[in-house]
Amino acid sequence: MFRLRILGRYLHSEILVLPARVLALVFIAALLVLPLFSGDSYLLMVLILTAIFTMYAVSWDLLAGYAGQISLGHALFFGVGAYTAALLNTKLGLSPAFGIPLGAVTAMTSGLLVGVPCLRLRRHYLALATLAFPLMLTGIVFAFPEFTGGELGIYAITRLAATRVVEYYIAIGTMLLVVALLWKLTTSRVGLIFHAIREDEVVVRALGIDTIRYKLLAFMVSGLVAGLSGALYAHFLRTAGPSNLDLFMSFHPVIWTIFGGAATIYGPVTGVFLLFPALEYLRAVPEYRMLIFALLILLVLRLLPGGLAPWIRDRLEKQCPNCRMNNAFVRSTCRACRSQLTP
Amino acid sequence: MAEGLRVQGLSVSYGPALIVHEVDLEVGAGATVSVVGPNGAGKTTVLRALSGLVLWEKSSSRQAGVQLVGEVWFGQERVDHLPAHQIASRGLILCPERRRPFREMTVEENLQAGAYLVRSRKVAQQRMAEVCRLFPVLRERGRQRAGTLSGGEQQMLAIGRALMGGPKLLMIDEPSTGLAPLVKQPLFARIREIKTLGIGILLVEQDAELALSMADSGYVLSQGRVVAQGSPAELLADEVVRRSYLGL
């Protein structure tokens, strides 16, 4: 009873005061209760893939948005996760419960392997260099077709779980956990250092911070999360193939993140949850599908260069000019210092 | 505690261009030393070399043909071969040219980033209070983005950020660049106050009169060489130095 009251007070003073937080809470609750109201298998499939790609996009946001290490070869980590889980499952008979974490860890190691040679590169040079890594892995995949399945890929992988609803909860649960952990990371001291490295690496070094360690950390955590999403993807679709490594796969997280708002974590979440289902449901008009999709993205980028999610947040909340506390848009006085808010 | 800095025969060249040539320099423990001289004399390069940034450029091959020779001793330790972050952790901290705040971060976050070397949270809070006492405007603007500050405020932030790391010797590069005389004066008054905290200062500055007026000793750098050194009074009284190098 007492605990409930604490929870209630927390809800009242920390969550309900800001519309953006309310929105996030409603969104999470809706995701969690959705299968109780709809058993539509297609809808669940779309949402499972959306959740998986959300992790993928958020991992890119951590590396590129926060730490400023623009990667255009992010599919490498996704593919390493997918192939590792697929091979462990089909060759060694490992269950998804072991194969998926191992796939993620292997992708983390590949993050380290990519990070080391890329440490000396910056901005567009780095972006171009990272572009090469998934191509290299594709080459390896095609070089050993007996082992990797070559062009056809690996199929008949064990299903993620017995029923669609269980698969849904695994995907959504993992996604919520991963997003929460990365949010925590980016608002911590480590996140502050990532941000500082993005702005001016030389100054960060001059302040006594070993930027190499932090850049490698960003590569590893990002690789881990991207690999996790890749492994989940392989077990959900029951196949892993070279398309997991192609250019589209590398560019998707970039589009989702920039559309939603980079260096925010909630931005890529918004981006994927709007764009992925949109692209899926646009299959109803196949001949205009890509055209509408591209126009939608162009419009948002043209009108809201900071991304969609930060724009929405700025409509829902305003900052107090005096103490810089955020307030709901309906308030006329600041909730902390009671000073007048400009309309 | 403050420690002394001793530089012997420091030379830096970028490809065929010799930027700093055989510079000898000494800063006693807790002393304030000003390095003055005309544009392009190599003053900034000296500080970049001392703080390990030249070496960083060399190792990261961002610049072709970077050469650095000479010895740098800080306290009892030779530091010229150390990477930049380790030099800073010894207490030899640079406040860089053009201030270079993290523009998108708040003032408070900038200061927190500077406190990386401070392991204890309590000490970090004390430092923060100290820095805000020195520069009250940083507390007022705490939650404002650093990019929105005025030039003078950004310079205070840059110095405050460097102070957060607990320097034994603070190297300040051209703090007066682009500042109006009205802003310069109070800023240098603050730097004088840092002196009284027992922190050594190595100040590189174009405004020779202002920089020398607060120093214990001074060096005049021109075309990469030390062309004169001595007490500020001597340097400012030397007619040749005044006319040829300081433009006074």
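The notes below deal with the structure included here. (Residues numbered from 1 in each chain as written. Chains lettered and ligands numbered in written order. Predicted model: local features only at pLDDT ≥ 70, side-chain atom pairs only at ≥ 80, totals over all residues. Heavy atoms only, no water.)

Scanning chain A from terminus to terminus reveals 15 helices and four strands. Relative to its length of 343 residues, chain A is compact, with a C-alpha radius of gyration of 21 Å against a globular reference of 20 Å. Oriented by its inertia axes, the alpha-carbon framework of chain A measures out at about 70 × 55 × 50 Å. Of all 343 residues assigned to chain A, the portion counted as buried reaches 49%. (Helix = DSSP H or I, 4+ residues; strand = E, 2+ residues; numbered from the N terminus. Rg over C-alpha atoms; globule rule 2.2 N^0.38 Å. Buried < 20%, exposed > 50% of the residue type's maximum accessible area, 1.4 Å probe, protein only.)

The next point concerns the sheet that holds strand E3 (residues 32-36) of chain B. All names here are of chain B. Spatial ordering of the open sheet is given by E6-E7-E8-E3-E9-E10, a layout of six strands whose pairing is mixed. One side of each edge strand has no neighbouring strand; the edge strands of this open sheet are strand E6 (92-95) and strand E10 (225-230). Strand after strand, the sheet turns through a mean of 20 degrees between neighbouring axes, direction not considered. (Pairing = 2+ DSSP bridges. Axes fitted to C-alpha atoms, helices over the stretch in contact; angles between N-to-C directions.)

This next bit is on the interface of chain B and chain A. Contacts between the two partners involve 29 residues from chain B, matched on the other side by 27 residues from chain A. The contact between chain B and chain A buries some 2600 Å² in all, and 60% of this surface belongs to carbon and sulfur atoms. By the criterion of area lost to chain A, the three top residues of chain B are Trp56, His85 and Tyr116 of chain B, representing 28% of everything that side buries. Taken together, chain B and chain A are joined by two salt bridges. Applying the counting criterion to the chain B and chain A interface returns six residue pairs in polar contact (both at pLDDT 80 or more). Within the residue set of the side of chain B that touches chain A, elements represented by two or more residues are helix H2 (53-59), helix H3 (84-89), E6, helix H4 (107-114) and helix H7 (151-164) of chain B. It is H4 of chain B that provides the largest number of residues to the side of chain B that touches chain A, a total of four residues. (Contact = heavy atoms within 4.5 Å. Buried area = accessible area lost by both parts, 1.4 Å probe. Salt bridge = Lys/Arg side-chain N within 4 Å of Asp/Glu carboxyl O. Polar contact = N/O pair within 3.5 Å; in protein donor to acceptor, adjacent residues only side chain to side chain.)

So, about helix H8 (residues 164-186) of chain A. Residues and elements named next belong to chain A. With 23 residues, H8 extends 32 Å from end C-alpha to end C-alpha; this agrees with the ideal 33 Å at 1.5 Å per step. Among the residues of H8, those classed as buried are Glu167, Tyr168, Ala171, Ile172, Met175, Leu176, Val178, Val179, Leu182 and Thr186. Here the buried face of H8 lies against helix H2 (19-37), helix H3 (41-66), helix H9 (189-199), helix H11 (211-237) and helix H13 (266-281). (Expected span 1.5 Å × (residues − 1).)

Pairing between the strands of a sheet comes from backbone hydrogen bonds, and it takes one of two forms, parallel or antiparallel. All names here are of chain B. Spatially, four strands are ordered E2-E1-E4-E5 in an open sheet, and the strand pairing comes out antiparallel. The open sheet has two edge strands, strand E2 (17-27) and strand E5 (77-78), and neither has a second partner. Bridge count between strand E4 (residues 66-74) and E5: two bridges; the pairing is antiparallel. What sits directly across from Phe74, in E5, is Glu77.

All names here are of chain A. Taken together, the side chains of Phe27, Ile28, Leu32, Val33, Leu36, Phe37, Val165 and Tyr169 define a hydrophobic patch exposed on the protein surface, amounting to about 730 Å² of accessible area. Only H2 and H8 provide two or more residues apiece to the nonpolar patch. Ranked by residues supplied to the nonpolar patch, first place goes to H2 with six residues. By the element assignment, Val33 lies in helix H2. (Patch = residues over 30% accessible without salt bridge, like charges linked within 9 Å, V, L, I, M, F, W, Y side chains within 5 Å. Areas by Shrake-Rupley, 256 points an atom, 1.4 Å probe, with all protein chains shown as cover.)

This part covers the pattern of salt bridges. Under the defined criterion, the tally for this structure stands at 20 salt bridges over all chains. Across the salt bridge formed by Arg198 of chain A and Glu104 of chain B, the nearest N and O atoms sit 3.1 Å from each other. On the criterion of chain membership, the pair formed by Arg198 of chain A in helix H9 and Glu104 of chain B in the loop between E6 and H4 is interchain, its members lying in two chains. Note on Glu104 of chain B: relative accessible area 44%, which makes it partly exposed. Note that Glu239 of chain B is salt-bridged to Arg243 of chain B, the shortest N-O span being 3.2 Å. Taken together, the residues span about one helical turn, with Glu239 of chain B and Arg243 of chain B both in helix H11 (residues 239-246) at a distance of four residues. Under the relative-accessibility criterion, Glu239 of chain B is labelled partly exposed at 43%. A network of salt bridges, in which partner residues are shared, links Glu130, Arg133, Arg190 and Glu193 of chain B.

A word on the pairing of E6 of chain B. All names here are of chain B. In E6, alternate side chains face the same way, and those of Leu92 and Leu94 on one face and Ile93 and Cys95 on the other are all buried. Pairing geometry for E6 and strand E7 (residues 169-173), over four bridges, is parallel. Opposite Cys95, over in E7, you have Ile172 as the bridge partner.

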